[in-house]
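Okay, here's what each chain looks like letter by letter:
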Amino acid sequence: EDQVTQSPEALRLQEGESSSLNCSYTVSGLRGLFWYRQDPGKGPEFLFTLYSAGEEKEKERLKATLTKKESFLHITAPKPEDSATYLCAVQAAGGTSYGKLTFGQGTILTVHP
Amino acid sequence: NAGVMQNPRHLVRRRGQEARLRCSPMKGHSHVYWYRQLPEEGLKFMVYLQKENIIDESGMPKERFSAEFPKEGPSILRIQQVVRGDSAAYFCASSLTDQPQHFGDGTRLSIL
């Protein structure tokens, strides 16, 4: 069974204090690993897709990296507007389950001014 | 370019009633997915549909739940004879073939 574990559960940062969020996964053949951002009362907002170990993607203050067992979301010089829950999900390769995303529990990020 | 539209945003039902949740995918998207988020839990996959076909319903409870995505109109998630444990946020996502899923803002279902 595919599994995704995110750590830490919650992270409090001061504005400008860089840090990383971790996503460990086990999957029977990785089709893709996805990062989403979710604000309270809203649906997940797509950030990145990573497909193979060694791949990196960047968007503004966010950078996602991927190894064979985990992914990191690096946040550089965060701002209060980066406060949200960050979700990691995996999609398995093959069969009819290729549409299904398996999500972690998320990391609640709070950035204080 | 409208995103994934879900309605209603909030739905209140009494135990034993039926709940119908609607999802209009993004323009041009033919793949629709439903997820459920229970209080204090993560998002859980329920069902994956393409136009007029159910591709994967491995996450759908065997009884009382059904989903459809007709040739015309929105996708519908139907819950019959609702119980308190059905209270949750239900999210719909859509995608192009082999592209990331984009989510709506969900329907929050409350059972009295």
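Every value quoted in this text rests on a predicted model; they were computed, and no experiment measured them.

Rules used in this analysis
Residues numbered from 1 in each chain as written. Chains lettered and ligands numbered in written order. Predicted model: local features only at pLDDT ≥ 70, side-chain atom pairs only at ≥ 80, totals over all residues. Heavy atoms only, no water. Pairing = 2+ DSSP bridges. Helix = DSSP H or I, 4+ residues; strand = E, 2+ residues; numbered from the N terminus. Axes fitted to C-alpha atoms, helices over the stretch in contact; angles between N-to-C directions. Phe/Tyr/Trp six-rings, centres within 6.5 Å; stacked < 30°, edge-to-face > 60°. Buried < 20%, exposed > 50% of the residue type's maximum accessible area, 1.4 Å probe, protein only. Disulfide = S-S within 2.5 Å.

Chemist: Could you clarify how one ought to interpret the sheet that holds strand β8 (residues 75-79) of chain B in this entry?
Modeler: Where strands meet in a sheet, backbone hydrogen bonds hold them as pairs that are either parallel or antiparallel. All names here are of chain B. Spatially, the four strands line up as an open sheet ordered β1-β3-β8-β7, and their pairing is antiparallel. Edge positions in the sheet fall to β1 (5-7) and β7 (65-68), since each has one partner strand and no second. The mean inter-strand angle of the sheet, taken between neighbouring strand axes irrespective of direction, is 15 degrees. Pairing geometry for β1 and strand β3 (residues 19-24), over three bridges, is antiparallel. Looking at the pairing, M5 lines up with S24 of β3.

Chemist: Mind showing me how you'd approach the packing of aromatic side chains here?
Modeler: The way to describe two aromatic rings as a pair is by their centre distance and the angle between their planes. Across all of its chains, the model carries eight aromatic pairs over all chains by this definition. A centroid spacing of 6.0 Å and a plane angle of 75 degrees characterise the contact between A:F103 and B:F103, whose relative ring orientation is edge-to-face. Pair noted here: A:F103 is in strand β10 (residues 102-103) and B:F103 is in strand β10 (residues 102-103), and the two residues belong to different chains. The pair A:F103 / B:F103 is uniform in exposure class, with both members buried. A centroid spacing of 5.4 Å and a plane angle of 50 degrees characterise the contact between B:Y35 and B:F103, whose relative ring orientation is tilted. In this pair, B:Y35 is assigned in strand β4 (residues 31-37) and B:F103 in strand β10, connecting sequence segments 68 residues apart. The exposure class assigned to B:Y35 is buried, which follows from its relative accessible area of 0%. The exposure class of B:F103 is buried, given its relative accessible area of 10%. Here a set of aromatic residues connected by ring pairs shows up, and it is made of A:Y36, A:F46, A:F103, B:Y35, B:F45 and B:F103.

Chemist: Help me understand the state of the cysteines, please; the structure alone is not making it clear to me.
Modeler: Disulfides are covalent bonds that connect the sulfur atoms of two cysteines. All names here are of chain A. The final tally for this structure, using the stated rule, is two disulfides over all chains. With its sulfur 1.9 Å from that of its partner, C23 forms a disulfide with C88. Every disulfide takes its handedness from the sign of the S-S torsion; for C23 and C88 that torsion is -65 degrees, giving left-handed. One end of the pair, C23, is in strand β3 (residues 19-26); the other, C88, is in strand β9 (residues 84-92), and 65 residues separate them in sequence.

Worth remembering: the numbers are spatial, not functional.
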